[in-house]
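Each chain is listed here by its residues.
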Amino acid sequence: MKYLSVALLSVMIYSCSTPNKSNEQSAPVEDNTAIAEKPMVDSAYVFFKHPADGATVPSPVYIEMGVSGMQIEPAGAVKEGFGHHHILINQSSWPEGTVIPMSDSTIHYGKGQTDTTLELEPGEYTISLQFADGVHSSYGEKMAASITVTVE
């Protein structure tokens with residue numbers, strides 16, 4: 001009898017927690033906690049934590065990437081307020097809405113990485129961060145930042 005009661009209780013809990021799959025529409029429920037947790041996309045930006053603009057650095061160049069107002073997530077699903085970093089070498093940004101191709105000068109960090117090292121020959125470089133959504137579609141100039149470094 002004790003096991004039967006536990007089983008019935010488990011079935012009741014499961015049925016109350018599973019989504020309603022009928023065609024009936026229920027009244028929308030307002031969820032104020034989701035509003036507080038939703039990233040502020042309009043004020044979002046990317047930035048370099050390291051190196052500083054104008055720095056002279058050795059190769060491999062250590063780069064630490066930052067983002068404010070959005071959340072980092074590995075490539076995959078496209079979700080508002082989420083994305084991941086790309087580094088552009090000697091480019092300033094990628095056009096909004098276009099997919100960033102993978103190449104030697106457009107490097108993807110689709111696992112959600114926030115730091116890396118780049119092997120660069122000696123010289124001056126413009127290194128840009130470009131934030132993009134889950135399918136590498138660029139958020140454009142508003143989610144890009146550039147620095148200039150000299151590699152020794």
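Conventions we followed
- Residues numbered from 1 in each chain as written.
- Predicted model: local features only at pLDDT ≥ 70, side-chain atom pairs only at ≥ 80, totals over all residues.
- Heavy atoms only, no water.
- Helix = DSSP H or I, 4+ residues; strand = E, 2+ residues; numbered from the N terminus.
- Buried < 20%, exposed > 50% of the residue type's maximum accessible area, 1.4 Å probe, protein only.
- Contact = heavy atoms within 4.5 Å.
- Areas by Shrake-Rupley, 256 points an atom, 1.4 Å probe, with all protein chains shown as cover.
- pLDDT = per-residue confidence, 0-100.
- Phe/Tyr/Trp six-rings, centres within 6.5 Å; stacked < 30°, edge-to-face > 60°.
- Pairing = 2+ DSSP bridges.
- Axes fitted to C-alpha atoms, helices over the stretch in contact; angles between N-to-C directions.
- Salt bridge = Lys/Arg side-chain N within 4 Å of Asp/Glu carboxyl O.
- Polar contact = N/O pair within 3.5 Å; in protein donor to acceptor, adjacent residues only side chain to side chain.

1. Side note on the overall build of the chain
Thinking step 1. Helices and strands together make up the secondary structure of the chain, namely two helices and nine strands.
Thinking step 2. Sequence-ordered secondary structure for the chain, helices as α and strands as β, is α-α-β-β-β-β-β-β-β-β-β.
Thinking step 3. Going through the 152 residues of the chain one by one, you find that 33% of them count as buried.
Thinking step 4. Long-range contacts, defined here as pairs at least 24 residues apart, represent 67% of the contacts in the chain between residues at least 6 apart.
Thinking step 5. In the structure as shown, the chain presents an accessible area of about 9,900 Å², 56% of it carried by carbon and sulfur atoms.

2. Details of the confidence of the model for the chain
Thinking step 1. Confidence in the prediction of the chain, expressed as mean pLDDT, is 81, and 73% of residues score 70 or more.
Thinking step 2. Counting contacts from residues 1-40, a segment whose pLDDT is below 50, to residues more than four positions away or on other chains yields seven contacts.

3. Overview of the packing of aromatic side chains
A ring pair, where both rings are aromatic, is described by two values, the distance of the centres and the angle of the planes.
Thinking step 1. In this structure the tally under the stated criterion is two aromatic pairs.
Thinking step 2. A ring pair is formed by Y45 and F47, whose centres lie 5.8 Å apart and whose planes are at 45 degrees; its orientation type is tilted.
Thinking step 3. According to the relative accessible area criterion, F47 is partly exposed, its value standing at 27%.
Thinking step 4. Centroid distance F131 to Y139: 6.1 Å. Interplanar angle 20 degrees. Geometry classified as stacked.
Thinking step 5. Among the residues examined, F131 registers a relative accessible area of 0% and is labelled buried.

4. Re the pairing of strand β9 (residues 144-151)
Thinking step 1. Here β9 shows a buried face lined by A145, I147, V149 and V151 and an unburied face lined by A144, S146, T148 and T150.
Thinking step 2. Sheet analysis places strand β2 (residues 56-57) next to β9, joined by two bridges and oriented parallel. Counted as the bridge partner of V57 is V151 from β9.
Thinking step 3. Across eight bridges, the pairing between strand β8 (residues 123-132) and β9 is antiparallel. Along β9, the bridge assignment pairs Q130 with A144.

5. Some remarks on the sheet that holds strand β3 (residues 61-68)
Thinking step 1. As summarised here, the arrangement of the three strands in space is β1-β3-β7, forming an open sheet in which the pairing is antiparallel. A strand with exactly one partner marks an edge of an open sheet, and here the two such strands are β1 (45-50) and β7 (115-118). When strand polarity is set aside, the average angle formed by the axes of neighbouring strands in this sheet is 35 degrees.
Thinking step 2. Here five bridges tie β1 to β3, and the two strands are oriented antiparallel to one another. Its bridge partner lying in β3, Y45 is registered against S68.

6. Considerations on the pattern of salt bridges
Two side chains bearing opposite charge may form a pair once their charged atoms approach each other closely.
Thinking step 1. As enumerated under the stated definition, the model contains two salt bridges in all.
Thinking step 2. For K79, the salt bridge is made with E73, and the minimal N-O distance between the two is 2.9 Å.
Thinking step 3. Judged by its relative accessible area of 35%, K79 is partly exposed.

7. Thoughts on the side chain of Q130
Thinking step 1. Tracing the backbone through its elements, the reader meets Q130 in strand β8.
Thinking step 2. Overall, Q130 belongs to the buried group, its relative accessible area being 0%.
Thinking step 3. One polar contact links Q130 to S138, side chain to side chain, over a distance of 3.2 Å.
Thinking step 4. In contact with Q130, not counting residues within four places along its chain, are H84, H85, H86, L88, S93, W94, I100, S138, Y139, G140, M143 and A144.

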